[in-house]
Amino acid sequence: KAYGVNKNFFVFARDEGTLNTIRNHMPEVHCMYTPDMVMFVDNAQTHQQREGILLCLRKDAERVLTVDQVEELKTGLNEITESSTVITDAVWKFQRKKVLQKKWNEFSSVQLVVTDRLHGMVFSAITGTPCIALDNISHKVYGAYQWLSYLPYLRFCSSIDEAEEAAKELLELPPQNYNQGPLLPYYNEMRNVVKNAIENVEQVPNGD
């Protein structure tokens, strides 16, 4: 109710599950369906020699793959390195761009990424890196894939066997470039909503 009273309060949901939850439980709140903000990054791709396969898999309670399934996946793929989108060390504000660019360079240096992390898939997308996306327990990966399914170098797979077959196809693709064009109307709509809300706040007399 408190949120509903504020006409300049907006919720931007990046997946349909969140969108439906907000609309069902907070119908008085403005809620819009928009892509994850990282999808609007347009300077992450670096042109370098690509080699090998990067595994970026969860090791927490949100994982769906069992240890045996992960080992089966590793057996079916060659030249594997492992990484994560999680950084446990402190990152100061002045380091943020450098740390992000280092991670994007890592994704840009491989021929294929296999991941069950939402931003593992998104980082693959914005760096033009072929990617096999596996879901996790929260289904966030599948939700984000709905936005990016138009990219020919991303593939959502529901099993290890399917992932191994997809890997053969994706490794044969020519170099890819990220195209965010289909998402830009959503970004512009979000930008206009925020801009109008700010203007409305600035027009409110002091004390009201």
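Predicted model only: the values in this text are computed from it and were never measured. (Residues numbered from 1 in each chain as written. Predicted model: local features only at pLDDT ≥ 70, side-chain atom pairs only at ≥ 80, totals over all residues. Heavy atoms only, no water.)

*Asks:* Which residues make up the pattern of salt bridges, and what values go with them?
*Replies:* Per the counting criterion, the structure on display carries seven salt bridges. Notably, a salt bridge pairs K74 with E82, separated by 2.9 Å at the nearest N-O pair. Judged by relative accessible area, E82 falls into the partly exposed class, the value being 49%. Linked by salt bridges that have partners in common, E71, K74 and E82 make up one network. (Salt bridge = Lys/Arg side-chain N within 4 Å of Asp/Glu carboxyl O. Buried < 20%, exposed > 50% of the residue type's maximum accessible area, 1.4 Å probe, protein only.)

*Asks:* An account of the packing of aromatic side chains is needed here, citing residue identities and associated values.
*Replies:* For the coordinates displayed, the defined rule picks out eight aromatic pairs. When the centroid spacing of 4.4 Å and the interplanar angle of 5° are considered together, the rings of Y3 and F9 count as stacked. Among the residues examined, Y3 registers a relative accessible area of 45% and is labelled partly exposed. Grouped by ring-pair contacts, the aromatic residues Y33, W147 and Y186 constitute a single cluster. (Phe/Tyr/Trp six-rings, centres within 6.5 Å; stacked < 30°, edge-to-face > 60°.)

*Asks:* Describe helix α4 (residues 96-108), and please don't skip the residues or the numbers.
*Replies:* Over its 13 residues, α4 extends 18 Å from the first C-alpha to the last, a length consistent with the 18 Å expected when each residue adds 1.5 Å. Where α4 is concerned, the buried positions are K103, W104, F107 and S108. One side of α4 carries all its buried residues, which in axial view fall inside an arc of 145°. Projecting away from the buried face of α4 at angles above 90 degrees are the exposed residues K98 and K102. Next to the buried residues of α4 lie β3 (53-56), β5 (112-115) and α5 (118-126). (Helix = DSSP H or I, 4+ residues; strand = E, 2+ residues; numbered from the N terminus. Expected span 1.5 Å × (residues − 1). Arc of directions from axis to C-beta. Contact = heavy atoms within 4.5 Å.)

*Asks:* Talk me through unusual backbone geometry; I want residue IDs and the actual numbers.
*Replies:* If you check the backbone angles, E79 has positive phi at about 50° while not being a glycine. Summarising the element assignment, E79 is placed in the loop between α3 (67-76) and β4 (80-82). Given the relative accessible area of 60%, E79 is considered exposed. Of note, the phi angle at H139 is positive, near 65°, even though the residue is not glycine. Along the chain, H139 turns up in the loop between β6 (131-134) and α6 (140-148).

*Asks:* Break down the pairing of β6 for me, citing the residues and quoting the values.
*Replies:* Of the two faces of β6, both are covered, the one formed by C131 and A133 as well as the one formed by I132 and L134. Of the strand pairs in this sheet, β5 and β6 are connected by three bridges, and their pairing is parallel. The residue of β6 that forms the bridge with V114 is I132. At this point the chain moves from β5, through α5, to the parallel β6, and the crossover so formed is right-handed. In this region the chain leaves β6, passes through α6 and returns to the parallel neighbour strand β7 (residues 154-157); the handedness of that crossover is right-handed. (Pairing = 2+ DSSP bridges. Right-handed = clockwise from strand over helix to strand, strands pointing away.)

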